[in-house]
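Structural features, examined
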Amino acid sequence: MAEDRQRVWTLLDTMTWTISYFKDRGVDSPRLTAEILMCHCLAMDRLSLYLEYDRPLNPEELGCYKALIKRRLQGEPVAYITGKKGFWDIEVTVSPRVLIPRPDTETLMETALSTIKKIQDMQEGQHPLKILELGSGSGALIISLARAMPGHQYVAVDVSPDAAAITFENARSLDCVPGVSVVSGSWFDPFAVDVRFDVMVSNPPYIPTRDIDDLVPEISQYEPRLALDGGQDGLGCIKEILFRAPEHLVPGGVLLLETGFDQCPALESLVKTLPSYEDFQSIKDEAGHHRVVKIKKRIDKKT
């Protein structure tokens, strides 16, 4: 944005310039990005932005906006710049301490909703279900489930105390406390052996270690590696969940895992070797990629 002390920069002027600037530098969704950053800078919604295009910006506002533009050009994700990200029908607080919620995970959300409803209908609402999210991050998934299907017991666990704190704050700000309880620990470590759940959901790290540095910089350089790194084959965390989950699932309980698009065959082969499970299913996302694995704990096994 060229310095011109004589010129009055309106919202329209500034936005037009920024959109062109972003396009020239290959920034994704240049118009949307420019609008979101401006709304954040001026603490207004997008409707107000459209209604006030003739509004002049003062030097402090221009300085704030230029700083945001610079951060985006350096590769910082918009969600980390604004501290907010939409998921399903909510907006949650995010920071570099948690993974940014993605549209892919809405496939996991949809599958979890249908699973909870099916179990609830089969039991004719005799008792609240217990639903666990492993690796909650921002809490977007577990909070969305709790809001969509109230009356059940929701528990979130994350190995990162910082992430667990963000989950709790998002649950509190969205009026989901005490409906959602939050603990910090590695996978099932916080739970005694007699604590069991009807449904477990997880979007665990599933990217092979060697592939992380090849991801786009806004992921590889900004998002927490702990939430991305699935080990040598990308299945390290998924395997640990699969091996340990039966101890904490009720008979007939369901485990739902988000996975990489190419990991379904390996997981199906693995699950076939684990006698605690049955009914392996793979659910595709809107792009037609295998995205969610759904398996059930056998009822006829000792528990």
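Quick notes on the rules
Residues numbered from 1 in each chain as written. Predicted model: local features only at pLDDT ≥ 70, side-chain atom pairs only at ≥ 80, totals over all residues. Heavy atoms only, no water. Disulfide = S-S within 2.5 Å. Salt bridge = Lys/Arg side-chain N within 4 Å of Asp/Glu carboxyl O. Buried < 20%, exposed > 50% of the residue type's maximum accessible area, 1.4 Å probe, protein only. Helix = DSSP H or I, 4+ residues; strand = E, 2+ residues; numbered from the N terminus. Pairing = 2+ DSSP bridges. Right-handed = clockwise from strand over helix to strand, strands pointing away. Axes fitted to C-alpha atoms, helices over the stretch in contact; angles between N-to-C directions. Parallel < 35°, antiparallel > 145°, perpendicular 65-115°, else oblique. Left-handed = near helix turned anticlockwise from the far one by under 90°. Contact = heavy atoms within 4.5 Å. Nonpolar A, V, L, I, M, F, W, Y, C, P; charged D, E, K, R; others polar. Core = buried A, V, L, I, M, F, W, Y, C linked by side-chain atoms within 4.5 Å.

Some thoughts on the state of the cysteines
Following the criterion strictly, the structure yields 0 disulfides and no others. Cys237 provides the cysteine sulfur closest to Cys264, a residue in no disulfide bond, and the two sulfurs are 19 Å apart.

Some thoughts on the pattern of salt bridges
In the structure shown here, the tally under the stated rule is 17 salt bridges. Across the pair Arg71 and Glu76 runs a salt bridge whose closest N-O atoms are separated by 2.8 Å. What makes Glu76 buried here is its relative accessible area of 12%. In this structure, Glu223 engages Arg102 in a salt bridge whose closest nitrogen and oxygen atoms are separated by 2.3 Å. Note that Glu223 is positioned in the loop between α10 (217-220) and α11 (236-244) and Arg102 in the loop between β2 (90-93) and α6 (105-122), a separation of 121 residues in sequence. Connected through salt bridges with shared partners, the residues Glu52, Arg55 and Glu61 form a single ionic network.

Considerations on the pairing of strand β5 (residues 180-184)
Residues in a regular strand point their side chains to alternate faces of the sheet. Note that strand β4 (residues 153-158) and β5 share 5 bridges and pair parallel. Following the sheet pairing, Val155 is matched in β5 by Ser181. For the handedness criterion, the β-α-β arrangement of β4, helix α8 (residues 161-173) and β5 is classed as right-handed.

Some details on the packing of α6 against helix α7 (residues 140-148)
Two elements in contact, α6 and α7, have axes separated by 11 Å at closest approach and are oriented at 40°. Considered as vectors, α6 and α7 are oriented oblique to each other. Handedness of the crossing formed by α6 with α7: right-handed. Contact residues: Leu108, Met109, Ala112, Leu113 and Ile116 in α6; Leu141, Ser144, Leu145 and Ala148 in α7. Looking at the contact of α6 with α7 residue by residue, the class counts come to 8 nonpolar, 1 polar and no charged.

Some remarks on the pairing of strand β6 (residues 197-202)
In terms of burial, β6 is a largely internal element, 6 of the 6 residues being buried. Examined bridge by bridge, strand β3 (residues 130-134) and β6 share 4 bridges and lie parallel to one another. Directly across from Ile131, in β6, lies its bridge partner Val199. Where β6 lies against strand β7 (residues 249-258), 5 bridges are found, and the strand directions are parallel. Bridged to Phe197 within β7 is Leu249.

Quick look at the sheet that holds β3
The sheet built from 7 strands is open, its strands ordered β5-β4-β3-β6-β7-β9-β8 with mixed pairing. With partners counted over all chains shown, the strands left at the sheet margins are β5 and β8 (277-284), one partner each. On average, adjacent strands in this sheet sit at an angle of 15° to one another, irrespective of strand direction. Here β3 pairs with β4 via 5 bridges, running parallel. Across the sheet, residue Lys130 finds its bridge partner in β4, namely Gln153.

Here's the deal with the nonpolar core
Within the largest apolar cluster, 36 residues are counted, with the highest numbers of intra-cluster contacts made by Ile116, Leu145 and Tyr154. Ignoring anything within four residues of it in the chain, the contact list for Ile116 reads Leu129, Ile131, Leu145, Met149, His152, Tyr154 and Val199. Counting residues in each nonpolar core, the second largest holds 30 residues, with Phe191, Leu242, Val271 and Leu274 among its members.

Observations concerning the environment of Gln153
Checked against the element boundaries, Gln153 lands in strand β4. For Gln153, a relative accessible area of 41% translates into the label partly exposed. Between the C-alpha atoms of Gln153 and Val180, which are 27 residues apart in sequence, the distance is 6.9 Å. Beyond its immediate sequence surroundings of up to four residues, Gln153 is in contact with Pro128, Leu129, Lys130, Ile131 and Gly179.

Some words on the packing of helix α1 (residues 11-24) against helix α4 (residues 59-73)
Between two packed helices, what matters for the description is the angle formed by their axes and the separation of those axes. One can describe the packing of α1 onto α4 by two numbers: an axis separation of 12 Å at closest approach and a directional angle of 15°. One way to sum up the angle between α1 and α4 is to call them roughly parallel. Crossing of α1 over α4 shows right-handed handedness. Taking contact as the criterion, the partners of Thr14, Met15, Trp17, Thr18, Tyr21 and Phe22 in α1 are, on α4, Leu62, Tyr65, Ile69, Arg72 and Leu73.

Coordinates in, geometry out; function isn't part of it.
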